[in-house]
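# A closer look at the structure
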Amino acid sequence: MTKQVNMPWEERPEGCSDVMWRYSQNPVIGRYDIPSSNSIFNSAVVPFEDGFAGVFRCDNKAVQMNIFAGFSKDGINWEINHDPIEMVAGNTEMIESDYKYDPRVCWIEDRYWITWCNGYHGPTIGIAYTFDFRTFHQCENAFLPFNRNGVLFPEKIDGKYAMLSRPSDNGHTSFGDIYISYSPDMKYWGEHRCVMKVADFTDSAWQCTKIGAGSVPMRTEEGWLMFYHGVINTCNGFRYSMGAALLDLENPDKVLYRSKPYLLAPAAPYELAGDVPNVVFPCAALTEENKVAVYYGAADTVVGMAFGYVDEIIDFLKKNSL
């Protein structure tokens, strides 16, 4: 799979009492980091060989949405390919796509799996696998349109692949809950179950309009720890923030604890201003012992990073659960 390499890390700033804190050198990926890009955001990163690899959402200057592969030695300084990923047939010959955006990447057993929002008569969940981040094999779409935020678990649950997603509509969805689905073969998906619904406005307004899975869930002794985004519809439009949830290890449709307060919300200039203002959108998390580094899209324009300690985050969830 990969060698153990040191993930990006920065200690909590002096005087900061927040459970998670931003990297002082954010954004780590700028909007113009490849020649064609209008923006680079909502991207996924995993350990790979002696460093890291990633799949990045890069919208070009015609604002066509596509995904690109990239590599880094330290998880901070990235070399992103200048051309989008060209898929080859995997378990299907139907690999057409009108657009690709918001990828996630997950290592399962012997390969890396990529999920993304795939344009096929509307948004659905595309799936592909790769062994080297150079050749990508596209598989059948997981679901009918319309769906977004497909996030795989890093191991099988009761012998089956498992994926979180958010059924949606063809527009800029003003609703959405998180569901889980299962597959025996990464081709046919079923056993759909509701995991998390939006919060009541009076209980936790930052996540009262829609929610969506963010990072690949990470196994802890306490449960599956997953970062997710929540949305409130304000008089100034949608505002996206980040929370976390702890799911049962054996039955991940059971939520053990869930953020009532957010962990990170738009506050830094690069989160408040951009192509879509007021967005913190987590897509990936790296872990090393008790440390976690979360990559998130900021204002649909750039990529930021935030840090925290796993035990502190879980303790925060237990004390501040919805």
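Quick look at the structure, then. (Residues numbered from 1 in each chain as written. Predicted model: local features only at pLDDT ≥ 70, side-chain atom pairs only at ≥ 80, totals over all residues. Heavy atoms only, no water.)

### Description of unusual backbone geometry
Of note, the amide linkage connecting Asn 26 to Pro 27 takes the cis form, showing an omega dihedral of -5 degrees. When you line up the elements, Pro 27 lands in the loop between β1 (20-22) and β2 (37-48). Along the chain, Pro 145 connects to Phe 146 via a cis peptide bond; the corresponding omega equals 20 degrees. Among the structural elements, Phe 146 can be located in the loop between β10 (136-138) and β11 (147-152). Unlike most non-glycine residues, Asp 158 shows phi in positive territory, near 55 degrees. Summarising the element assignment, Asp 158 is placed in the loop between β11 and β12 (161-167). For Asp 158, a relative accessible area of 70% translates into the label exposed. In this structure, Asn 278 is a non-glycine residue whose phi angle is positive, near 65 degrees. (Helix = DSSP H or I, 4+ residues; strand = E, 2+ residues; numbered from the N terminus. Buried < 20%, exposed > 50% of the residue type's maximum accessible area, 1.4 Å probe, protein only.)

### Overview of the sheet that holds strand β22 (residues 302-309)
Taken together, the 4 strands give an open sheet; going across it, the order is β1-β22-β21-β20, and neighbouring strands pair in antiparallel fashion. A strand with exactly one partner marks an edge of an open sheet, and here the two such strands are β1 and β20 (280-288). Adjacent strand axes in the sheet meet at a mean angle of 30 degrees, parallel and antiparallel pairs treated alike. Bridging between β1 and β22 involves 3 bridges; their strand directions are antiparallel. In the sheet register, Trp 21 faces β22, and the bridge partner there is Phe 307. The strands touched by helix α2 (residues 310-319) within the sheet are β1, β21 (291-298) and β22, with β22 carrying the most contacts at an inclination of about 85 degrees. (Pairing = 2+ DSSP bridges. Axes fitted to C-alpha atoms, helices over the stretch in contact; angles between N-to-C directions. Contact = heavy atoms within 4.5 Å.)

### A look at the nonpolar core
In this structure, Ile 80 and Phe 133 are the most contacted members of the largest nonpolar core, which totals 39 residues. Sorting the residues of this core by element identifies β2, β3 (51-60), β4 (65-72), β5 (78-80), β8 (111-119), β20, β21 and β22 as the ones contributing at least two each. Residue contacts for Phe 133: discarding those within four places in its chain leaves Val 46, Phe 48, Ala 53, Gly 54, Val 55, Ala 69, Phe 71, Val 105 and Tyr 112. Counting residues in each nonpolar core, the second largest holds 33 residues, with Tyr 129, Met 163, Ile 211 and Tyr 228 among its members. (Core = buried A, V, L, I, M, F, W, Y, C linked by side-chain atoms within 4.5 Å.)

### Comments concerning the side chain of Asp 102
Topologically, Asp 102 is positioned in strand β7 (residues 100-108). There is a polar contact of 3.0 Å between the side chain of Asp 102 and the side chain of Arg 57. (Polar contact = N/O pair within 3.5 Å; in protein donor to acceptor, adjacent residues only side chain to side chain.)

### Structural notes on the packing of aromatic side chains
Within this structure, the stated rule accounts for 21 aromatic pairs. Arranged with centres 6.2 Å apart and planes meeting at 75 degrees, the rings of Phe 133 and Phe 136 form a pair that is edge-to-face. By the burial criterion, Phe 133 is buried, and Phe 136 matches it. Pairing Phe 153 with Trp 224 gives two aromatic rings, centres 5.4 Å apart and planes at 80 degrees, and the pair type is edge-to-face. Of the two residues, Phe 153 sits in the loop between β11 and β12 while Trp 224 sits in strand β17 (residues 223-234), which places them 71 residues apart along the sequence. By the burial criterion, Phe 153 is buried, and Trp 224 matches it. Joined through ring pairs, the aromatic side chains of Phe 48, Phe 71, Trp 107, Tyr 112, Phe 133 and Phe 136 make up one cluster. (Phe/Tyr/Trp six-rings, centres within 6.5 Å; stacked < 30°, edge-to-face > 60°.)

### Describing the pattern of salt bridges
Evaluated as defined, the whole model comprises 13 salt bridges. Of the charged contacts in the structure, one is a salt bridge between Arg 57 and Asp 59, with a shortest N-O distance of 3.0 Å. One exposure class covers both Arg 57 and Asp 59, and it is buried. One continuous salt-bridge network, built from bridges that share partners, spans Arg 57, Asp 59 and Asp 102. (Salt bridge = Lys/Arg side-chain N within 4 Å of Asp/Glu carboxyl O.)

### Overview of the pairing of β21
Of all 8 residues making up β21, 7 are buried, and the element is well covered by its neighbours. A loop of 2 residues connects β20 with β21, the two strands running antiparallel in sequence, and Glu 289 in this loop sits at a positive phi of about 55 degrees. In terms of strand pairing, β21 meets β22 through 8 bridges, oriented antiparallel. By the bridge assignment, Tyr 295 is partnered in β22 with Met 305.

### Some details on the environment of Leu 286
Structurally, Leu 286 can be placed in strand β20. In this structure, the C-alpha to C-alpha distance between Leu 286 and Glu 155, residues 131 residues apart in sequence, is 16 Å. Apart from residues lying up to four places away in sequence, Leu 286 is in contact with Met 7, Pro 8, Val 45, Val 46, Pro 47, Phe 52, Lys 291, Val 292, Ala 293 and Tyr 295.

### Considering the sheet that holds β3
Pairing is antiparallel across the open sheet formed by 4 strands, whose spatial order is β2-β3-β4-β5. Bordering the open sheet on either side are β2 and β5, each of which pairs with just one other strand. Direction aside, the axes of adjacent strands within the sheet are offset by 30 degrees on average. Bridge count for β4 against β5 is 3 bridges, and the pairing is antiparallel. For Phe 71, the partnering residue across the bridge sits in β5 and is Glu 79.

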